[in-house]
Amino acid sequence: MFNVAILGYGTVGSGVFKVINDNADVLKKFVKDDVNVKYVLDLREFPGNPVEKVLVHDYDIILKDDEVKCVVEVMGGIEPANTFVRKAIASGKSVCTSNKELVAKYGAEILALAKENNVSFLFEASVGGGIPLLRAINESLTADNFDSVAGILNGTTNYILTKMSTEDLSFDEVLKRAQEKGYAERNPEADVEGYDACRKIAIISSLITGKQVNFEDISTEGISHISKEDIYYSRNMNMPIKLLGLMKKIDGVVYAMVAPFMLGEEHSLRNVDGVYNAVNFHGDMLGNVMFYGKGAGSLPTASAVVSDVVEIAKNGGKNIDIPWDKECVSLGDMASFKAKFFVRLEGADLDDKVKSIFNGVTFAEHLQGETAFITEEEFSAPELQSKLEGFKVLSTIRIAE
Ligand code: HSE
C-alpha cells in the first residue's frame, strides 16, 4: 500500500481524492501496489462526504505517521503551504504540489531540501494544469538547447479574450459572466493582470535554463486594458489577441515577458481558444514542439497531480533529480526587446503624418475618428513611444508572427 495525505480539500484536492479512488486500477498498473488516501487535511467539515472518514484537522497527525510516503499540497498560496511542504520533506516524505506561487518563489530551495532528504518534490500541475509539460522538459526534451518558449498559460484570460472576440463584449462584461459561471475568481487580479502567467513562465524558464528565473524580474502586462475596439481590429485583421508568456534566448541572454500579442497567420497558438492552454518550445535540434490541453479545472489539474504521485511511488519515494539551481539568471532588459506593433491613434486623416515618421506601415480599416496601423519595422517599447510623441495614443499591442 502506498499511502498519501492530501493537504486541502478544495477544487484540486477533491479532484485528487476522486482521481485516486476512481482510477485505482490505472494507478495500480504503474505503481504495482494500491495507492491509498490515508488522510485529507482541511479546517472545514464535510458532513456526508466520503472524505469524512479520512479527514483530519491537525497536520502533526500526518507528519508523525511513517506510513505516509507522499504529501499532496493543493492548498495554494505561500503560507502555510511553504512551511507544511518543508516539514513533510524534513520528515522524509515526498511532496507533490499544484501551487505555482510556491514553486515559482521557492522551487530551487525546496528541490535542494528534497535532495538532502532523499525524497522527491514534483510540481507537474503548477504549470498548464493537466498538460504534461514539466516532466516533458525533464525527461523528453533533454537533447536540445531551447531558444524560445511561447505559451498561453492562463485559462481565465484566454476565455475572456475568446469571448470578447466571439460575442463582441467588453472586458468587464465577459469578466462578470466568467465570475458568475465560476471560470474566473472573485478577485481576478492574478489572472487578468498576468501575474499567474508570469509565475508559470518563470517556472518553465527556470527548468529550461536549470537556474532560478525570478518572477519579480519578468516584465508583466495583463489584459484589463484590452478594449472592445482593439478586439474589433483584431477580428477584422484576423489576428487574435492572446496573452503570451514568452522566454527567448538571444546571443546567450535570456529574456522573459508576459504581454498581450496580436498573432499572425502562421502563429502556432492562434487557434488556442477558451480555457485551453498551449505551449510551443523551439529547440535547436527538434525544431518546434507544441503541447495543448486543459490548463485549469479540478480533474485535469488533479490528473497531473496524481501523475506525480504515481511517479513518486514508482520511484520508491527516493529523490528524483530536477536540475534547477538556486543561482539566479540575470534577465535581459525587456526595454530592448523589439517587435512590430499595432497602433491606434486618436484622430482620422493622420495617414500622411504617420507615413512620414515610420519607414513602412500597413493601415487598418479604422473606426471613426481614429487611425490604426501595423508597423513594418520592429521597435522596442521606448523607441515606439518616442516615435509617437505628440500623438494621442489609444493603444499599442505587440505583434507575434
Ligand atoms: N487561474 C488559473 C488559470 C488556474 O485561469 O489558468 C490554473 O492555474
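None of the values given here were measured: they were computed from a predicted structure.

Thresholds applied
- Residues numbered from 1 in each chain as written.
- Predicted model: local features only at pLDDT ≥ 70, side-chain atom pairs only at ≥ 80, totals over all residues.
- Heavy atoms only, no water.
- Near = heavy atom within 4 Å.
- Polar contact = N/O pair within 3.5 Å; in protein donor to acceptor, adjacent residues only side chain to side chain.
- Areas by Shrake-Rupley, 256 points an atom, 1.4 Å probe, with all protein chains shown as cover.
- 1 Å grid on protein atoms, 1.4 Å probe; cavity = no way out; pocket = protein on both sides within 12 Å on 5 of 7 lines; lining within 4 Å.
- Sits in = over half its atoms within 2 Å of the grid points.
- Helix = DSSP H or I, 4+ residues; strand = E, 2+ residues; numbered from the N terminus.
- Nonpolar A, V, L, I, M, F, W, Y, C, P; charged D, E, K, R; others polar.
- Buried < 20%, exposed > 50% of the residue type's maximum accessible area, 1.4 Å probe, protein only.
- Pairing = 2+ DSSP bridges.
- Salt bridge = Lys/Arg side-chain N within 4 Å of Asp/Glu carboxyl O.
- Core = buried A, V, L, I, M, F, W, Y, C linked by side-chain atoms within 4.5 Å.
- Contact = heavy atoms within 4.5 Å.
- Points joined across faces, edges and corners; volume = space filled by probe spheres on them.

J.: How should I be thinking about the site of the ligand in this particular structure?
T.: The immediate surroundings of the ligand are formed by Lys100, Asn154, Gly155, Thr156, Asp191, Asp196, Lys200, Gly295 and Ala296. With respect to the ligand, the side chain of lysine 100 contributes an N or O atom lying 2.7 Å from an oxygen atom. Take glycine 155: an N or O atom from its main chain is 2.8 Å from an oxygen atom of the ligand. The protein chains hide 82% of the 260 Å² of surface that the ligand would expose on its own. Placement of the ligand is best described as lying within the largest pocket. Within the residue set of the shell around the ligand, elements represented by two or more residues are helix H7 (155-167) and helix H10 (195-209). For the shell around the ligand, the per-class residue count stands at one nonpolar, four polar and four charged.

J.: Where do I start with the pairing of strand S7 (residues 146-152) in this structure?
T.: For a regular strand, side chains alternate in direction, first toward one face of the sheet and then toward the other. Most of S7 sits inside the fold, with six of its seven residues counted as buried. Alignment of S7 against strand S11 (residues 276-283), held across six bridges, turns out to be antiparallel. By the bridge assignment for S11, serine 148 is matched with histidine 282. With four bridges connecting them, S7 and strand S9 (residues 241-250) associate as antiparallel partners. Bridged to serine 148 within S9 is lysine 248.

J.: Help me understand the sheet that holds strand S2 (residues 35-41) in this model?
T.: Pairing between the strands of a sheet comes from backbone hydrogen bonds, and it takes one of two forms, parallel or antiparallel. Here six strands make up an open sheet; going across it, the order is S3-S2-S1-S4-S5-S6 and the pairing parallel. The open sheet has two edge strands, strand S3 (55-56) and strand S6 (121-122), and neither has a second partner. Bridge count between strand S1 (residues 2-7) and S2: six bridges; the pairing is parallel. In the sheet register, alanine 5 faces S2, and the bridge partner there is tyrosine 39.

J.: Sorry if this is basic, but what is going on with the pairing of S2 here?
T.: The element S2 is extensively covered by neighbouring structure, given that five of its seven residues are classed as buried. Pairing of S2 with S3, which is carried by two bridges, proceeds in the parallel orientation. Bridge assignment links leucine 41 to a residue of S3, and that residue is valine 56.

J.: Would you take a moment to explain unusual backbone geometry for this structure?
T.: A negative phi holds for most residues other than glycine; trans holds for most peptide bonds. Looking along the chain, the bond that leaves glutamate 79 and enters proline 80 is cis, with omega of 5°. Position of proline 80 among the secondary structure elements: in the loop between strand S4 (68-73) and helix H4 (81-90). With a phi close to 55°, asparagine 238 is a non-glycine residue in the positive phi region. On the secondary structure map, asparagine 238 appears in the loop between helix H11 (228-236) and S9. One non-glycine residue, aspartate 349, adopts positive backbone phi at about 55°. Turning to its location among the elements, aspartate 349 is positioned in the loop between strand S13 (341-346) and helix H13 (351-357).

J.: Would you mind going over the pattern of salt bridges with me for this structure?
T.: Two side chains bearing opposite charge may form a pair once their charged atoms approach each other closely. Here the structure, examined in full by the defined rule, presents 23 salt bridges. Measuring nitrogen to oxygen at the nearest pair gives 3.8 Å for the salt bridge that ties arginine 235 to aspartate 168. With a gap of 67 residues between them, arginine 235 in helix H11 and aspartate 168 in the loop between H7 and helix H8 (171-180) connect regions that are remote in the sequence. Assessed through its relative accessible area of 35%, arginine 235 is described here as partly exposed.

J.: How should the nonpolar core be read in this particular structure?
T.: As a rule of thumb, soluble globular proteins bury nonpolar side chains together. Counting 116 residues, the largest nonpolar core has Ile62, Val72, Phe123, Ile204 and Phe281 as its most contacted members. In this structure isoleucine 62 touches Ala5, Leu7, Tyr39, Leu41, Val56, Val68, Val71 and Lys93, once residues within four positions along its chain are discounted. Core analysis: the next-biggest nonpolar cluster, separate from the first, contains 15 residues, Ile152, Tyr255, Leu263 and Met334 among them.

J.: Quick question: what am I supposed to make of the layout of surface pockets here?
T.: A probe matching the size of a water molecule, rolled over the atoms, marks out where space remains unfilled. The volume enclosed by the largest pocket comes to roughly 1,100 Å³. Lining the largest pocket are 35 residues, and of these Val12, Lys100, Glu185, Ala296 and Gly297 lie nearest its centre. Those elements that place two or more of their residues in the lining of the largest pocket are helix H1 (11-22), helix H5 (100-116), H7, helix H9 (189-192), H10 and helix H12 (298-314). A per-element tally of the lining of the largest pocket places H10 first, with four residues. Its volume calculated, the second largest pocket comes out at about 480 Å³. In terms of lining residues, the second largest pocket is bounded by 22 residues, among which Leu246, Lys248, His267, Ala400 and Glu401 are the most central. Contributions of two or more residues to the lining of the second largest pocket are made by S7, S9, S11 and strand S16 (393-400). The residue makeup of the lining of the second largest pocket, split by class, is 10 nonpolar, six polar and six charged.

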